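# An overview of the molecular structure
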Amino acid sequence: MKTFLIRLLIFGTLFTGLVLASAYKLAQPGEMDYVGGIVIKHKRLNEIKGPRLIFAGGSNMAFGLDSKAVEEATHMPVVNLALHGGLGLDFILEELKDVVRAGDMVVLSPEYFLEEGRYELDAAVAAFMPASEKYFKHDFYTVFKYSVESRFTQIGYNRDYLMAGWRKRNAPPERDYAAEVYSHKAFNSYGDVVAHLDLPAYGAPKVPLKLHAGYWDGIPKINAASKVLEQRGVRFYFVFPAFCQSSYDNNIAAISTLEVSLRKDLRIPVICRPQDFVYPDTLYYDSYYHLTKTGRNLRTQQLIKIVQPLTAELHAEKMLLTNTATNRPHQPQPYR
Amino acid sequence: MVFNSFEFALFLPIVFVLYWLVAKGSLLFQNLVLLAASFVFYGMWDYRFLFLLFFSILLDYTSGLQIHAAKTPRAKQWWLFASIVINLGFLFFFKYYNFFVDSFADLLRTFGLQPHVWTLKIILPVGISFYTFHGLSYVIDIYREKVTPTRNFNNYALFVSFFPLLVAGPIERATHLLPQIEQPRRFELSKAADGLRQILWGLLKKMVIADGCAFYANQIFDNPDAYSGSTLVVGAVLFAFQIYGDFSGYSDMALGIARLFGFELLRNFAYPYFSRDIAEFWRRWHISLSSWFKDYVYIPLGGSREGRFKAIRNTFIIFLLSGFWHGANWTFILWGGIHALYFLPLLLANRNRKNMEIVAQGRRLPSVLELWQMLRTFALVTFAWIFFRVENMTEAVVYINGIFSFSIMEMPVIFPKGLLLLTTLFLLAEWQGREHPYALANLEPRWPRPARWALYTVLLFCLILLKSEQQQFIYFQF
């Protein structure tokens, strides 16, 4: 037994040393820098004093919204808070709970069946904005697990980096589009991703995505968040994500089932149909969810059509309140 | 908690230390440590099903003692009957209830009736098919007087719930595992080192080969009508390697983990893709299940000794049952039926026990004939896997139609060269080790320690660098 343990210890020590040496941070994928965009988004959130129209969700909204156009159409200051689906629905909802205030209107657009976030992405966000630590779970066990697993992941990043360097030496590409888009500099001051707008699009992946329909724990999570937002006097709405045609066609049954569950069980209004934001694959930049400039314009116009009556209603209520009750505190109307 | 998880990487050393260092020298405490660990392991899936597991253990433990103590054959039969009915009742309820209700409703609809279907949202308890079969083999063996029931409840509970085999086998027999549980175990360095090696090989099979193949196979099987026949063939081949890497990798890990604690479990795989005919394939694939069906279904039905008609009938029964055991879906039943059809010519020609020895034993390479036989068997098995993988019969028809179309002449759209190269290297390693229980089993006497350690380091780095997105073990759903 003693011999076994000693040998195991020696081998373990040598191997750990090798892993630590190989896990020296040579490079990281662009998305780790891309999530730094949260700083711009929160800066805009804090700059606006009155009620705001906040778009939240994953990268489908980050890539697929022209906030300025929405702002001009709705006469409400817009913030595109959507960043990355990989942060997880919990992160997105916790962030919303933290930033909203009375009078805000929130439009949530998570990707289909969005699940728990990736800790490495959540941690990368926290590196840019330490205050975001409260948006995700980081107990001792999770942090310990991440600190071990991140070493292994880093070795993979280093391999990719070295291989990319080798490829470049053999056939240098003209431009590294991915590096330009997946960076914290990809955003405009509203929080929209704009770095990809004038770049040649890759199109949606050739193999359609397969969604596995089933129970989605996102519904109870959104419902729980909606209670908090309701108490704060916030109007909260759900919209379906932008999705490429081929993947939509491949998942009509799953999406229809989800739509039925959402309309039945969600506490907040679902203000569109899934097909409202389905566009041809050629209008996608590089994934099933990331729209190109043309796709983004189409989606923005569609969103304006959906959101405009709601913001008009909000303006009308505000006018009514201002005209009728001068000294009464603001009492937001229930949104259902 | 799965074997290739971070949680298990913490769990295993804790149990190992408690077992060998804290409970050292006491059989009772060692067994209690393993029993507690097994319940923790299972409870981390879903603690509610611990009650079901406990009830199943209690039922078979009591039935075993009652069968043994019964004075009359009738009383013995009654207890055996009760145990089988209750065990299979639970299995039926959790695994097959909705299948039978839906199938019956479909049948009524074909006659123009509109039945009110009452299906339930049932969660399948992980490992139920495996531990039910453990318990059944125990009571049947007691009834047949092959085994004397144990009076020690802890030992019996450990026999059923021993964590390496609890959720996906191998399906153990009381004659094999119970004596090991009842006897004191001494730590053996070579056994423990061998166990670790087998775990490493199992991890590679699962995380590199199976998960890597799954990535592409899932894409192809998820959209069969979007691909050419040649791509569908690639998908089927990738699935063949996925399921082998997944299940045999899991079995390797189970055997390796058990060996760390001084136990030898039944071998579950013996290089099935190097089989020269279907009969040999079934002697090498999921051996513990095949032998279970042989001992508890095929032979009691008369086997092949009561005439040709009965032999054919019995063959179909066990293959169809084997298919049905895998899941409540007509696709699994058809998969079993196809294998029965493959097996039939061998049975009729009395050639089903022809290839009993290891292929090309003592030689480096197979003969041309052996190579052809292996490729033919692999093609037949891969074709049948299509039915195993698809979700329903419509998808199966689409997939098969796609394969048998002119588009089979086109270049495949999905052809992961790197992965196929890796799979080929893996197959070569398996071929090299085919005369041993697993591919790395013969390292220790032949390779000096520095070379072995260098190899382990390379393999561990392969795990880190080549692992794919983690997929659930396929056999957990059964």
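Residues numbered from 1 in each chain as written. Chains lettered and ligands numbered in written order. Predicted model: local features only at pLDDT ≥ 70, side-chain atom pairs only at ≥ 80, totals over all residues. Heavy atoms only, no water.

## Quick word on the interface of chain A and chain B
Listed by partner, the interface residues are 27 residues for chain A and 26 residues for chain B. On the chain A side of the contact with chain B, A:M1, A:F4 and A:F11 bury the most area, a combined 27% of that side's loss. For the pair chain A and chain B, the interface holds one salt bridge. Measuring nitrogen to oxygen at the nearest pair gives 3.3 Å for the salt bridge that ties B:E7 to A:K145. Taken together, chain A and chain B are joined by four residue pairs in polar contact (both at pLDDT 80 or more). Among the elements of the structure, helix 1 (2-22) and helix 8 (140-170) of chain A are those that each provide at least two residues to the side of chain A that touches chain B. (Contact = heavy atoms within 4.5 Å. Buried area = accessible area lost by both parts, 1.4 Å probe. Salt bridge = Lys/Arg side-chain N within 4 Å of Asp/Glu carboxyl O. Polar contact = N/O pair within 3.5 Å; in protein donor to acceptor, adjacent residues only side chain to side chain. Helix = DSSP H or I, 4+ residues; strand = E, 2+ residues; numbered from the N terminus.)

## A few points about the pattern of salt bridges
When the charged atoms of two side chains lie near each other, side chains of opposite charge can form a pair. Under the definition given, this model contains 36 salt bridges over all chains. Salt-bridge contacts for A:D98 lead to A:K134; the nearest nitrogen and oxygen are separated by 3.9 Å. Of this pair, A:D98 sits in helix 6 (residues 89-99) while A:K134 sits in the loop between helix 7 (119-128) and helix 8, placing them 36 residues apart in sequence. What makes A:D98 partly exposed here is its relative accessible area of 38%. We note a salt bridge from A:D217 to A:K221, for which the minimum N-O separation is 3.5 Å. Look at the salt bridges and you will find they share partners, linking B:D194, B:R197, B:R259 and B:E264 into a network. (Buried < 20%, exposed > 50% of the residue type's maximum accessible area, 1.4 Å probe, protein only.)

## Focus: the side chain of A:N60
With respect to the element layout, A:N60 can be found in helix 4 (residues 59-63). You can call A:N60 buried: its relative accessible area is 0%.

## Notes on the sheet that holds strand 4 (residues 235-238) of chain A
Two modes of strand pairing occur in sheets, parallel and antiparallel, and in both the strands are linked by backbone hydrogen bonds. Residue and element names in this part refer to chain A. Taken together, four strands build an open sheet; the order of strands is 2-1-3-4 and the sheet is parallel. Single-partner strands in this sheet number two, and they are strand 2 (78-80) and strand 4. Averaged over all adjacent pairs, the angle separating strand axes in this sheet is 20°, with direction ignored. Of the strand pairs in this sheet, strand 1 (residues 53-57) and strand 3 (residues 105-109) are connected by five bridges, and their pairing is parallel. (Pairing = 2+ DSSP bridges. Axes fitted to C-alpha atoms, helices over the stretch in contact; angles between N-to-C directions.)

## Thoughts on unusual backbone geometry
For A:F113, which is not glycine, the phi dihedral falls at a positive 50°. Secondary-structure assignment places A:F113 in the loop between strand 3 and helix 7. For A:F113, a relative accessible area of 12% gives the class buried. Despite not being glycine, B:Y271 shows a phi value in the positive range, around 55°. Mapped onto the fold, B:Y271 is located in the loop between helix 10 (229-260) and helix 11 (278-284). Classification of B:Y271 by relative accessible area gives buried; the value is 5%.

## A closer look at the side chain of A:S226
Along the chain, A:S226 falls in helix 10 (residues 218-231). Of note is the side chain of A:S226, whose polar atom sits 2.6 Å from the side chain of A:R267.

## A few points about the packing of helix 6 (residues 153-161) of chain B against helix 8 (residues 174-182) of chain B
Residues and elements named next belong to chain B. Close contact between helix 6 and helix 8 brings their axes to 10 Å; oriented N to C, the two are set at 130°. In terms of axis orientation, helix 6 runs oblique to helix 8. Seen from above, helix 6 lies across helix 8 with right-handed handedness. Every residue of helix 8 that contacts helix 6 at N155, L158 and F159 is listed here: A174, L177, L178, I181 and E182. Taken together, the residues of the contact of helix 6 with helix 8 sort by class into six nonpolar, one polar and one charged. (Parallel < 35°, antiparallel > 145°, perpendicular 65-115°, else oblique. Left-handed = near helix turned anticlockwise from the far one by under 90°. Nonpolar A, V, L, I, M, F, W, Y, C, P; charged D, E, K, R; others polar.)

## Considering the pairing of strand 4 of chain A
Every other side chain in a regular strand lies on the same face of the sheet, so the side chains alternate between the two faces. Residue and element names in this part refer to chain A. On strand 4, burial covers both faces: R235 and Y237 on one face and F236 and F238 on the other are all buried. Pairing analysis gives four bridges linking strand 3 to strand 4, with the strands arranged parallel. Considered in strand 4, the bridge of V106 is made with F236.

## Observations regarding the environment of B:E430
All names here are of chain B. Relative to the helices and strands, E430 is located in helix 17 (residues 417-432). You can call E430 buried: its relative accessible area is 3%. Along the backbone, E430 and M411 are 19 residues apart, and their C-alpha atoms lie at a distance of 29 Å. Within the structure, the side chain of E430 is placed 3.1 Å from the side chain of W201, a separation counted as a polar contact.

## Focus on the packing of helix 3 (residues 49-69) of chain B against helix 5 (residues 128-143) of chain B
Residues and elements named next belong to chain B. Two elements in contact, helix 3 and helix 5, have axes whose closest approach is 8 Å; the angle formed by their N-to-C orientations is 10°. Classified by the interaxial angle, the pair formed by helix 3 and helix 5 is roughly parallel. Packed against helix 3, whose contacting residues are L52, L53, S56, D60, S63, G64, I67 and H68, the element helix 5 presents I128, Y131, G135, L136, Y138, V139, I142 and Y143 at the interface. In the contact of helix 3 with helix 5, the residues fall into 10 nonpolar, five polar and one charged.

## Concerning the domain arrangement of chain B
Residues and elements named next belong to chain B. Domain annotation of chain B identifies domain 1 (6-185) and domain 2 (190-276 + 355-477). A C-alpha centroid distance of 29 Å is found between domain 1 and domain 2. Every contact between the two is made by 28 residues of domain 1 and, on the other side, 18 residues of domain 2. Roughly 1,900 Å² is buried in total at the junction of domain 1 and domain 2, and carbon and sulfur atoms are behind 75% of that figure. (Domains from an automatic or database assignment.)

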